[in-house]
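Survey of secondary and tertiary structure
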Amino acid sequence: MSTPHAVPVSLAEIARIAGVGRAAVSNWRRRHDSFPTRIGGTDVSPQFSLTEVEQWLRDNGKLKDIGGREFLWPRFEALGSRDESGLAIAESARLMRAPRARVSQSELSDSARDLAGEAARLGRAEGPRETFEFLLQRWLETHVRQLSTTPSQLASLMTRMALTVRLGKGEGGLTVLDPACGTGHLAAAAVQEHDRSGLVVLGCESDPALSALASARLGFVTENRDVRTEIATADALREDPFAGVRADIALCNPPFNERDWGYEELATDQRWTHGLPPRTEPELAWVQHLLAHLKPGGSAVVVLPPAVASRKAGRRIRGSLLRTGALRAVVALPPGSAQPHSVSLQLWVLRAAPDNQVPTPPSQDALLVDATGFARPGAREPGPDWGALGAFVLSALEVLDRPDAELPEGTVRVPLLDLLDDEVDVTPGRYTALSTEPSDVELAASWGRLGASLADLAAHVQYLSKLGFEAEVPQATVAVGDLVKAGALTLRAGQQPAETGARSGEAAVPLLTVPDLLSDGTPSGHVPVHTSHTTVEDGDVVVAGVVRAFRAWVHEGPPMALGPQLYALRVDREKLDAHFLAGCLRAPANGRQAGTHASSSSRVDIRRLQVLQLPAEEQAAYAEVFRRLAAFESLLGTAESLGKGLVSDVSDRLAAGGLIA
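**Concerning the overall build of the chain**
Counting its regular elements, the chain contains 20 helices and 22 strands. Counting all 661 residues of the chain, 49% fall into the buried class. Surface exposure of the chain reaches about 30600 Å², of which carbon and sulfur atoms provide 50%.

Listed below in structure tokens is the structure:
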């Protein structure tokens with residue numbers, strides 16, 4: 001497939017195209033004089049010509065069996081503008097589904113129109129929906145700091161929650177509304193969860209690019225389905241395109257903390273039946289907007305930041321929502337369920353008052369559900385245990401209107417008199433006892449995780465205990481400094497970046513420092529990409545050069561910046577195995593030899609660290625044992641943490657009584 005010469009690609013993009021790690025591409029660049037020369041970027045983040053890279057990969061047999069879409073994405077990224085690239089992807093989706101259609105996006109440049117047409121032709125050859133989803137996902141990943149999306153698992157759960165709670169369920173059609181639909185995650189989930197005919201999906205989005213992408217996504221999701229969809233490009237609060245429309249269910253993940261939501265011009269709006277939302281409470285404007293669009297007995301589920309449940313400014317509206325029965329339940333989600341991932345977001349479950357044809361529920365008490373215990377600490381992939389979380393939340397909502405039914409542990413039905421105090425705080429954790437009395441489900445999950453960790457530990461014990469060692473025989477070693485001189489590896493020292501933190505929309509990489517290592521090992525800061533800093537890539541070895549935090553490991557994952565007293569070692573894979581190197585370096589005796597130990601802040605001279613002098617073919621066996629030993633150490637820490645947590649949790653349960661002998 002032909003590509004224009006001007007399209008730049010980074011080392012990370014080349015690695016993705018070739019299906020290898022970033023370290024492999026860096027090695028190609030050093031070892032092959034024929035590797036394309038840099039056309040832009042910086043020494044830390046160089047850029048290369050896509051045409052030259054493609055040709056080099058083909059000439060050197062480095063391309064795996066990949067489709068043309070991998071080469072297509074850099075051209076969308078090269079358009080520069082977030083909006084234009086998004087609109088071009090949406091236009092390509094329309095052309096994939098309607099090959100004879102003309103380009104409709106008049107605001108697209110000629111190059112963007114041509115690219116949309118070429119993407120459509122490729123999509124028809126390699127799969128229209130797959131190609132669109134690939135391009136959309138890459139677009140979302142590129143602009144992740146500017147966009148907030150709803151994970152598909154959360155979108156499905158919200159849809160099932162709304163369907164469970166609404167009254168007057170019939171066999172007729174269903175109207176679904178999302179007034180802040182973004183790229184259509186919630187709307188798509190509604191289509192997938194409702195398998196009956198007569199579905200109507202209405203969405204609204206003020207951002208034209210997001211609106212176009214939502215329409216494109218629904219076009220694929222609704223193929224061969226009796227579904228009518230309409231996505232309007234407008235600000236739903238200021239210019240409601242669906243005024244007068246009533247939906248059976250409404251789903252929404254609105255923008256948070258948006259002060260310019262129309263407070264002045266909407267002061268007398270009829271939607272504020274529970275009170276004019278304060279300027280600082282835009283989320284309560286979205287809550288009332290949803291209620292205004294529900295049919296009698298209809299339900300809505302909305303994602304909200306936890307502060308909305310307790311802020312003083314919103315207590316009058318919260319009180320009205322509770323007294324009228326509009327706010328039926330609040331679910332506290334585990335951190336990591338959606339952006340921002342560090343916050344325990346909430347799902348508010350709303351329901352409009354029923355009409356005369358639908359019996360009034362016997363209870364108007366609020367249901368508060370604390371599901372924060374379903375997080376997966378230490379998991380490689382972000383997010384909770386969605387299967388267990390969904391089952392728990394839905395089991396609680398199924399008995400929402402049955403006051404005599406037994407509630408799942410971690411769920412409490414709070415009388416209105418207890419909620420309507422001076423604060424009107426509906427935070428679930430304030431009323432549930434999960435913090436002091438873990439549920440049976442949580443205890444079972446913790447015992448299960450501990451059992452799995454112990455089983456893995458036993459397997460490593462069986463392997464490591466059978467290792468044999470010869471009698472002390474002098475083994476030749478070589479210092480890191482000598483390996484650097486020989487060209488077997490490169491050594492770069494971390495540094496204090498001139499600028500830390502990143503402005504909204506600015507590309508950045510995580511920054512790891514020694515204090516981070518002394519806490520939980522998670523990078524606590526970010527560094528803008530354009531600043532000068534030392535970056536470690538996938539496959540590089542990282543060494544902490546200070547006695548109190550001395551360690552060495554092979555970095556896995558996206559690039560990461562290193563702060564002072566941290567070092568990046570990049571190996572020549574024909575001479576050194578990265579895991580072999582890291583294992584040799586982190587030996588305690590090695591650190592003691594290279595460090596002064598005058599105080600806990602003493603430094604370790606990285607160049608003096610010793611490495612076994614072995615041929616490359618013999619390093620593999622050592623590397624495997626080093627991997628096993630590192631995994632064993634990690635499992636020990638996990639098992640210790642889980643064991644201490646269980647001792648604490650079981651002690652709390654015992655102290656509360658109720659032991660079954």
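**Side note on the environment of Gly-410**
Mapping Gly-410 onto the fold places it in the loop between α13 (386–397) and β12 (411–414). Put simply, Gly-410 and Gly-429 are 19 residues apart on the chain and 9.2 Å apart in space, counted from C-alpha to C-alpha.

**Observations regarding the nonpolar core**
The biggest cluster of nonpolar side chains holds 46 residues, and the ones touching the most others in it are Met-161 and Leu-347. Apart from residues no more than four positions distant in its own chain, Leu-347 is found in contact with Leu-154, Met-158, Met-161, Val-301, Val-302, Val-303, Ala-329, Val-330, Val-331 and Leu-333. Residues Cys-252, Trp-272, Leu-284 and Ala-352 belong to the second largest nonpolar core, which totals 44 residues.

**Description of the sheet that holds strand β3 (residues 46–49)**
Read across the sheet, 3 strands follow the order β1-β3-β2 without closing on themselves; strand pairing throughout is antiparallel. In the strand order of this sheet, the two ends are held by β1 (8–10) and β2 (40–41), each with one partner. Examined bridge by bridge, β2 and β3 share 2 bridges and lie antiparallel to one another. The partner of Gly-40 across the bridge, within β3, is Gln-47.

**Some words on empty space enclosed by the protein**
With the rule as written, the count across this model stands at 1 cavity of 30 Å³ or more. In this structure, the largest cavity encloses a volume near 40 Å³. As for the largest cavity, its lining consists of 11 residues, of which Phe-374, Phe-392, Glu-409, Ser-439 and Glu-442 are closest to the centre. Looking at the lining of the largest cavity, its residues break down into 5 nonpolar, 3 polar and 3 charged.

**Section: the pairing of strand β19 (residues 551–554)**
On β19, burial follows the alternation: Ala-552 and Val-554 on one face are buried, whereas Arg-551 and Trp-553 on the facing-out side are not. Where strand β18 (residues 541–544) hands over to β19, the hairpin turn is made up of 6 residues, counted between the paired strands.

**Points about the pattern of salt bridges**
Any two side chains of opposite charge can pair, given that their charged atoms come close. Enumeration according to the criterion identifies 32 salt bridges in this entry. With a shortest N-O distance of 2.8 Å, Arg-82 and Asp-83 are connected by a salt bridge. With its nearest N and O atoms 3.7 Å apart, the salt bridge here joins Arg-492 to Asp-540. Pair noted here: Arg-492 is in strand β14 (residues 489–493) and Asp-540 is in the loop between β17 (534–536) and β18, with a separation of 48 residues, a long-range link. We classify Arg-492 as partly exposed; its relative accessible area is 27%. Linked by salt bridges that have partners in common, Asp-235, Arg-238, Asp-260 and Glu-265 make up one network.

**Points about helix α5 (residues 82–97)**
If you check α5, its first and last C-alpha atoms are 23 Å apart, about what 16 residues at 1.5 Å a residue would give, namely 22 Å. Where burial is concerned, most of α5 is hidden: 13 out of the 16 residues are buried. Where α5 starts, the residue carrying a side-chain oxygen 3.2 Å from the main-chain nitrogen of Asp-83 turns out to be Ser-81.

**Let's talk about the packing of helix α7 (residues 128–142) against helix α10 (residues 208–221)**
Where α7 meets α10, the closest approach of the two axes is 10 Å, and the angle between their N-to-C directions is 150°. Between α7 and α10, the angle is such that the two are roughly antiparallel. As α7 runs across α10, the sense of the crossing is left-handed. Contacts between α7 and α10 involve Pro-128, Arg-129, Phe-132, Glu-133, Leu-136 and Trp-139 from the first element and Leu-210, Leu-213, Ala-216, Arg-217, Phe-220 and Val-221 from the second.

**Brief notes about the sheet that holds strand β21 (residues 566–571)**
An order of β14-β21-β18-β19 is seen for the 4 strands of this open sheet, with the pairing classed as antiparallel. Here the strands that pair on one side only, and so sit at the sheet edges, are β14 and β19. Taken over all neighbouring pairs, the strand axes of this sheet differ in orientation by 20° on average, direction set aside. Pairing geometry for β14 and β21, over 5 bridges, is antiparallel. Bridging across to β21, Thr-490 finds its partner in Arg-570.

**So, the packing of aromatic side chains**
Evaluation of the coordinates by the stated rule reveals 8 aromatic pairs. Both rings, one in Trp-28 and one in Trp-56, keep their centres 5.8 Å apart while their planes meet at 45°; by these two values the pair is tilted. With Trp-28 in helix α2 (residues 22–31) and Trp-56 in helix α3 (residues 50–59), this pair connects stretches of sequence that are 28 residues apart. The class for Trp-56 is buried, based on a relative accessible area of 5%. An angle of 35° between the planes, with centres 5.1 Å apart, marks the rings of Phe-374 and Phe-392 as tilted. Here Phe-392 lies in helix α13 and Phe-374 lies in the loop between β11 (366–370) and α13, a separation of 18 residues in the sequence.

**Brief notes about the confidence of the model for the chain**
The predicted model of the chain has a mean per-residue pLDDT of 85, with 89% of residues at 70 or higher. Low confidence marks residues 597–601, where pLDDT is under 50. Its contacts with residues over four positions away, or in another chain, come to 9 contacts.

**Points about the pairing of β3**
Where β1 lies against β3, 3 bridges are found, and the strand directions are antiparallel. The residue bridging Pro-8 from the neighbouring strand is Ser-49, located in β3. Count of turn residues in the β2/β3 antiparallel hairpin: 4 residues.

**Topic: helix α6 (residues 110–126)**
Taking 1.5 Å per residue, 17 residues should reach 24 Å; α6 reaches 24 Å between its end C-alpha atoms and fits that length. In the core, the buried residues of α6 are packed alongside α4 (69–77), α5 and α7. Once α6 ends, the next one or two residues include Gly-127, with phi positive near 115°.

Procedures and definitions
- Residues numbered from 1 in each chain as written.
- Predicted model: local features only at pLDDT ≥ 70, side-chain atom pairs only at ≥ 80, totals over all residues.
- Heavy atoms only, no water.
- Helix = DSSP H or I, 4+ residues; strand = E, 2+ residues; numbered from the N terminus.
- Buried < 20%, exposed > 50% of the residue type's maximum accessible area, 1.4 Å probe, protein only.
- Areas by Shrake-Rupley, 256 points an atom, 1.4 Å probe, with all protein chains shown as cover.
- Core = buried A, V, L, I, M, F, W, Y, C linked by side-chain atoms within 4.5 Å.
- Contact = heavy atoms within 4.5 Å.
- Pairing = 2+ DSSP bridges.
- 1 Å grid on protein atoms, 1.4 Å probe; cavity = no way out; pocket = protein on both sides within 12 Å on 5 of 7 lines; lining within 4 Å.
- Points joined across faces, edges and corners; volume = space filled by probe spheres on them.
- Nonpolar A, V, L, I, M, F, W, Y, C, P; charged D, E, K, R; others polar.
- Salt bridge = Lys/Arg side-chain N within 4 Å of Asp/Glu carboxyl O.
- Expected span 1.5 Å × (residues − 1).
- Polar contact = N/O pair within 3.5 Å; in protein donor to acceptor, adjacent residues only side chain to side chain.
- Axes fitted to C-alpha atoms, helices over the stretch in contact; angles between N-to-C directions.
- Parallel < 35°, antiparallel > 145°, perpendicular 65-115°, else oblique.
- Left-handed = near helix turned anticlockwise from the far one by under 90°.
- Phe/Tyr/Trp six-rings, centres within 6.5 Å; stacked < 30°, edge-to-face > 60°.
- pLDDT = per-residue confidence, 0-100.

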